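# Structural description and commentary
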Amino acid sequence: MSDYFLGIDSSTQSLTGILIDFSSYNIIFKCSINFDDDLPQYNTQNGVYIYEEGKIVHSNPLMWVEALEVIFDKLVKAEQPIEKIRAVSGSGQQHGTVYLNSSFEDILKSLNSKKSLKEQLKGVFSRETSPVWMDSSTTKQCNEIREKIGGLEAIVNLTGSNTFERFSGPQIRKFYQQSPKKYTKTSVIHLVSSFMSSILLGKNSPIDHGDGAGMNLMNIKTKKWDDRAMEATAPNLKSKLPPLTHSYNIIGKLSPYFIQRYGFSQETILIPWSGDNPNSLIGLGLIDKGKVAISLGTSDTYFSYMKKLYVDLKGEGHVFGAPTGDYMSLICYKNGSLARENIKNHFNLDWKKFSEVLKKTPPGNYGKIMLPYFLPEIVPLVLEPKVYRFGFDENDLEGNVRAIIESQFLSMRLHSAWIEEKPKEIYATGGGSANREILQIAADIFGINIRQFGLTDSAALGAALRCAKSYYDFTKQKKSWQEIALAVLNNQQSDLVTPNLKYKPLYDDMLVLYRKYENFVLKNEENPKILRDQFLKTYFNT
Ligand code: XUL
């Protein structure tokens, strides 16, 4: 008999469900709900609400709940074998926080399967909207928490990351400082992942070590909530945080609501939801050393599996828990797909035309360099959005198209240098990874092969694979992570994008130039104009 596993990804712009059949290792159902298009009543733009020129970015937790209901309705409509789904898990955009009042758990425990979730859950929030990972309005709180813990090295060593504007701890502190009454009325604070997991569980779900590490509240070594970090963040926080758990634990059975309403089996188990990046680690099979992934989605991320804990004392990168129980390193960019789309839309291009321009323009882009801070940026930290162009202006179609892509990967190569595990091959995921021309530039800049998969939803797939691992371990038919992840992954169509090594010296030099422009703009260092002239002479004979 077949075993089916369901993985759900609650991401910034959409909610996706993937159902895998573990007898054939195939994905048998996939469905995505786009928040802007499919749930227009919430009035989001790219899944979020943006205030104060991009500094404050929130979303609507009730919208995520409604999207979950739509996915389940679609599973039923498509006559999928819901009663044979053995386990469910999920993936959430990281760092976002959901604030709930004391009615939350009681309501979850007594859900009426004749009524919608949305209808029954609309009164459970002590804060109507949720700050998400795109928010960068907590610099003050970041400084306060870091100072209380003892400075940069102390907070990095304790939590695996510097304090970051989007991280949950600084966000919670801001809420406590600005709305103390509402903070007091908050009984529990969830991450997006553990909030969605709670709904399926029918009570408060624990937070897993993967996503818990993105809060500046968990001790990265012991994987426990840290008293000092909680005290530095907000009073009585300990009583408002759910417990932590291993990502592969079974946290219970699916709530009766889903059994009655959608026809799931009473035996369906739940694996805790995790962050989208830890899930993608599994979805891409990054379970041994030397493998690195780039995810080109709303955020662009660069991440790798780590056997041993290794932190970035410079404070730009992060260490999260990996769903295997080990660690992962990550850097994250806010100017990912929205920055690419900005240029595409500015010149009225479609993706096909965008790719054609990439194909016909030369590596090195005649020395045209862009610092693409359309939105505030995380790496390097830029709080005031502004796009800088050197050697061209905003009307130069070809220059802009190539510059946005080159700048994104030059920045990625530059700021990932702290990660000790040097990649032998890079796996690509996320919507942007479907574009071969973009990946060709990435391969040339890194000088490494890039594997492009047909399936771009590695976070939802990772959640489904985590279900399979826990289910088989639990039913005593233990399977290794390799067996689980590679079985499905090897079934996916994939293509290798090989670097053109002829361009290695050019991109090595361009990287130096890019770094100098970054330092010129952000650290007031010298204008590298002379170096740019030399670059032009060497590679473009001008
Ligand atoms: C990672 C991060 C983003 C979000 C949204 O630290 O902030 O990648 O998880 O995808």
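We now turn to the structure provided with this report. Every chain is numbered independently, its residues counted from 1 as its sequence is written. Local features in this predicted model are restricted to residues of pLDDT 70 or higher, and side-chain atom pairs are both shown and tallied only at a pLDDT of 80 or more, whereas totals for entire chains, interfaces and linings draw on every residue. Working from all heavy atoms in the structure, the side-chain values ignore hydrogens and water.

### Quick notes on the nonpolar core
Put simply, the rule is: Within this scheme, the nonpolar core is defined by two criteria: the residues are buried Ala, Val, Leu, Ile, Met, Phe, Trp, Tyr or Cys, and they are joined through side-chain atoms within 4.5 Å. Categorising residues by exposure relies on relative accessible area from a 1.4 Å probe, with only protein chains included: less than 20% of the type maximum marks a residue as buried, more than 50% marks it as exposed, and the intermediate range marks it as partly exposed. Helix and strand labels come from DSSP, where a helix needs a run of H or I of at least four residues and a strand needs a run of E of at least two; each type is numbered from the N terminus. Working rule for contacts: check all heavy atoms of both residues, and any pair within 4.5 Å makes them a contact.
Core analysis: the biggest nonpolar cluster contains 157 residues, and Phe 72, Phe 195, Phe 258, Phe 264, Ile 294 and Phe 409 have the highest contact counts within it. The element best represented in this core is helix α2 (residues 61-77), accounting for nine residues. In this structure Ile 294 touches Thr 301, Tyr 302, Phe 409, Met 412, Ile 426, Tyr 427, Ala 428, Thr 429, Leu 439, Ala 442 and Ile 450, once residues within four positions along its chain are discounted. If you look at the next biggest cluster of nonpolar residues, it comprises 22 residues, including Ile 282, Leu 465, Cys 467 and Trp 481.

### Some thoughts on helix α18 (residues 458-474)
Residues spaced three or four apart along an α-helix point in a common direction, a consequence of the helix completing one turn every 3.6 residues. For clarity, the threshold we go by: Here, expected helix span is obtained from the residue count minus one, scaled by 1.5 Å.
A rise of 1.5 Å per residue sets the reference length of α18, with its 17 residues, at 24 Å; its end C-alpha atoms lie 24 Å apart and thus fit the reference within 8%. Taken across its 17 residues, α18 has 15 buried, putting it largely inside the fold.

### Examining the pairing of strand β19 (residues 369-373)
This is how the line gets drawn: Being paired, for any two strands, means DSSP has found at least two bridges between them.
Judged by how many residues are buried, β19 sits mostly within the fold: five of five residues are covered. Burial of the side chains of β19 extends over both faces: Ile 369, Leu 371 and Tyr 373 are buried on one face and Met 370 and Pro 372 on the other. Sheet topology places β19 next to strand β20 (residues 386-390); five bridges connect them, and they run antiparallel. Looking at β20, one finds that Ile 369 is bridged to Phe 390.

### Comments concerning the sheet that holds strand β16 (residues 300-306)
Paired through backbone hydrogen bonds, the strands of a sheet run either parallel or antiparallel to each other. Rule in force here: In this description, a line fitted to the C-alpha atoms serves as the axis of each element, helices being fitted only across the stretch in contact, and the angle between N-to-C directions of two axes falls anywhere from 0 to 180 degrees.
The strand order across the open sheet formed by seven strands is β17-β18-β16-β15-β21-β22-β23, and the pairing between neighbours is mixed. Each having just a single partner strand, β17 (318-321) and β23 (494-497) make up the two edges of the open sheet. The sheet shows a mean angle of 25° between the axes of neighbouring strands, direction not considered. Here strand β22 (residues 449-453) pairs with β23 via four bridges, running antiparallel. Residue Arg 451 lies in a different strand from β23, and its bridge partner there is Leu 496.

### Structural notes on unusual backbone geometry
Following Val 379, the chain continues into Pro 380 via a peptide bond in cis, with omega recorded as -10°. With respect to the element layout, Pro 380 can be found in the loop between β19 and β20. In this structure, Asn 524 is a non-glycine residue whose phi angle is positive, near 60°. In this structure, Asn 524 sits in the loop between α20 (504-523) and α21 (529-540).

### Points about the packing of α2 against helix α9 (residues 192-201)
To keep things clear, this is the line we draw: Any angle that falls under 35 degrees is termed roughly parallel, while one over 145 is termed roughly antiparallel, one within 65 to 115 roughly perpendicular, and all others oblique. Crossing handedness: left-handed means the near helix sits turned counterclockwise from the far one by under a right angle, and right-handed means the same turn made clockwise. Residues are sorted three ways: Asp, Glu, Lys and Arg are charged, Ala, Val, Leu, Ile, Met, Phe, Trp, Tyr, Cys and Pro are nonpolar, and all the rest, Gly among them, are polar.
Two numbers describe how α2 lies on α9: the axes approach to 11 Å, and their chain directions differ by 50°. As the angle between them shows, α2 and α9 are arranged oblique. Along this stretch, α2 crosses α9, giving a crossing that reads as right-handed. Residues Pro 61, Trp 64, Val 65, Leu 68 and Phe 72 of α2 touch α9, and the partners they reach there are Val 192, Phe 195, Met 196, Ile 199 and Leu 200. Looking at the contact of α2 with α9 residue by residue, the classes come out as 10 nonpolar, no polar and no charged.

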